[in-house]
Amino acid sequence: MQNFIFHNPTKIIFGKNTINAIGKEVKKSAAKKVLLLAGSGSIKNNSVYEQITASLKGSGIEWFELWGVKANPTLEHAQRAISIIKEIGIDAIVAAGGGSVIDEAKAVAAGVFVDDIWDAYLGKISISKALPIFTVLTISATGSEMNPTSVLSNEKAQKKLPLASQLLRPLASIIDPSVQSSLPWEQTVNGGIDILAHIFESYFAGSSQEVTIALNESLMKTVINCIDTLAQDEKNYSARANLAWTATLALNGISAAGIIGDWASHRIEHSISAVHTNIAHGTGLGVVFPAWIKYVYKENIELFQRWAKNIWNANSVEQAISLFQQKLKDWKAPTKLSELGIKYEELDFIASNSLETPTLGVVKLLNQNDVLEILKLAY
Ligand code: NZQ
Ligand code: ZN
């Protein structure tokens, strides 16, 4: 068990009909005017927008709306938001959507206090101030609603990088799982795969952290059961609610307590979606993770065998990987890079683009050639 600090000050307001709390939460922070940040419009089709604006109005909070955050949010759009805030004056940000909107809100919250926020993602500067962030979550996947991380794409540079700072933790996040019934099926699945991937990143790097490992096994089983249930009945509230809370627990520090996570698969996926911005994060992970497991499992064989037995009731890791991929197919998720419109000739660039540092990962230290081999396995 590695030493760790667990300090997560984000307030979570969870359950049906909770979005109407947003106005009061913002008011408590003394903010008077907020930026309401949103994506391509899904919140207008599922009553989330009406609920947020009614609540802000009821608490006497003014708001300015900025739409158009892309799935895989961009530096360019964040810079637009930053300029607007500098021009009109804003006290806080309300992010209404999924990880993309929340991650961009984090970039913007810190970006108004520095010359160029991309420098923070490049590690050239550290941030020392950020506007308060509130979120109304509409898709369960990233855990961004209760974590300190933002992932942003610089389309010109073809880079997608993370930034983490305690200053970027949302003050309060509202999770009403019932609004997730409007998700297209593939987005529900993308979310499920991303949640599993967050658990894997810690779990597979584990050794003696029994409490964290056992908890993670329960979280994995819950994700699989919930997605299976939703495949039959997309409106099942209990499955939506359990999946939503699992997503938050999967990346709010709890699933990683005492473990230094691997994160190579995430880096590789970010390199894919940096180049192919139309590929959803969860879709990319579903393709990369089985290949990564195949490539590295002998490095921590006991734990991978435990995973095979406890999660898949399989006798070998190879069999468990097949069952995992079959599950992805049952959920109608792609399992090969070739299915995502990626050309074989691109693999070299994707491999080199995934390494900001000479090596990657914890379970097995990967160099560029290792990453290329994993990509070939995934093709
Ligand atoms: O554009 P909008 O209207 O928001 O529509 C979204 C988007 O098209 C739609 N959607 C969301 N809720 C909906 C809905 N459609 C109907 N009904 C609803 N209730 O779903 C699409 C995907 O949304 P997005 O926010 O992109 O999904 P997700 O939450 O998976 O976020 C993905 C981004 O987060 C990053 C990913 O790399 C990716 O850029 N990540 C962030 C992390 C973090 N901050 O800790 C960690 C993750 O590993 C990940 O890297
Ligand atoms: Zn992820």
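Residues numbered from 1 in each chain as written. Chains lettered and ligands numbered in written order. Predicted model: local features only at pLDDT ≥ 70, side-chain atom pairs only at ≥ 80, totals over all residues. Heavy atoms only, no water.

## So, helix α15 (residues 368-378)
To be explicit about the condition: Exposure is judged per residue with a 1.4 Å probe applied to protein chains only, and the accessible area is read against the type maximum: over 50% gives exposed, under 20% gives buried, and values in between give partly exposed. Numbering goes from the N terminus for both helices and strands, where a helix is a DSSP run of H or I of at least four residues and a strand is a run of E of at least two. Working rule for contacts: check all heavy atoms of both residues, and any pair within 4.5 Å makes them a contact. Any pair of N or O atoms that falls within 3.5 Å is considered a polar contact. Within protein, one atom must be able to donate a hydrogen and the other to accept it, and sequence-neighbouring residues count only if both atoms are side-chain atoms.
Every buried residue of α15 is accounted for by Asp-370, Val-371, Leu-372, Ile-374, Leu-375 and Ala-378. Residues of α15 that are buried make contact with α10 (264-275), α11 (281-296) and α14 (347-353). Backbone nitrogen of Asn-369 and a side-chain oxygen of the N-cap are separated by 3.0 Å at the start of α15; the cap is Asn-367.

## Let's talk about the nonpolar core
Among soluble globular proteins, nonpolar side chains are generally buried collectively. Our working definition: We define the nonpolar core as a collection of buried residues of types Ala, Val, Leu, Ile, Met, Phe, Trp, Tyr and Cys that are connected through side-chain atoms lying within 4.5 Å of one another.
With 67 residues, the main nonpolar core has Phe-204, Trp-292, Ile-293 and Trp-307 as its most contacted residues. Per element, the largest residue contribution to this core is nine residues, and it comes from helix α7 (residues 185-203). Sequence-distant contacts of Phe-204, that is, excluding residues within four places in its chain, are made with Phe-289, Trp-292, Ile-293, Asn-300, Leu-303, Phe-304, Trp-307 and Val-363. Ile-82, Ile-85, Val-114 and Ala-244 belong to the second-largest nonpolar core, a separate cluster that totals 36 residues.

## Considering the site of ligand 1
Where we set the bar: Any residue with a heavy atom lying within 4 Å of a molecule or strand is counted as near it. Using the Shrake-Rupley algorithm and a 1.4 Å probe, accessible areas are obtained, with residue cover drawn only from the displayed protein chains. For this scheme, ten residues count as nonpolar: Ala, Val, Leu, Ile, Met, Phe, Trp, Tyr, Cys and Pro. Four count as charged, namely Asp, Glu, Lys and Arg, and the remainder, Gly too, count as polar. Residue ranges labeled as domains rest on an automatic or database domain assignment.
Taken together, 32 residues lie near ligand 1, and Ser-40, Ser-42, Gly-99, Ser-100 and Asp-103 sit nearest. In the model, an oxygen atom of ligand 1 is placed 2.8 Å from a nitrogen or oxygen of the Ser-42 side chain. Gly-99 places a polar main-chain atom, nitrogen or oxygen, 2.7 Å from an oxygen atom of ligand 1. Contact with the protein chains hides 91% of the accessible area of ligand 1, taken as 960 Å² for the molecule alone. Of the residues that constitute the shell around ligand 1, the class distribution is nine nonpolar, 20 polar and three charged. Among the domains, domain 1 (11-178) and domain 2 (183-378) are the pair contributing at least three residues each to the shell around ligand 1.

## Quick notes on the sheet that holds strand β4 (residues 92-97)
Inclusion rule: At least two bridges found by DSSP between two strands are what make those strands a pair. Structural elements are reduced to axes, namely lines fitted to C-alpha atoms, with helices fitted over the stretch in contact, and the angle between N-to-C directions of any two is expressed from 0 to 180 degrees.
Spatial strand order, β1-β8-β5-β4-β2-β3: six strands in an open sheet with parallel pairing. The open sheet has two edge strands, β1 (11-14) and β3 (62-66), and neither has a second partner. The sheet shows a mean angle of 20° between the axes of neighbouring strands, taken without regard to direction. In this structure, strand β5 (residues 133-137) lies alongside strand β8 (residues 172-175), joined through four bridges in parallel fashion. Residue Phe-134 lies in a different strand from β8, and its bridge partner there is Ala-172. Relative to the sheet, helix α4 (residues 75-88) contacts β2 (33-38), β3 and β4, its axis offset from that of β3 by approximately 150°. The strands touched by helix α5 (residues 99-111) are β2, β4 and β5; relative to β4, the strand with the most contacts, the crossing angle is about 165°.

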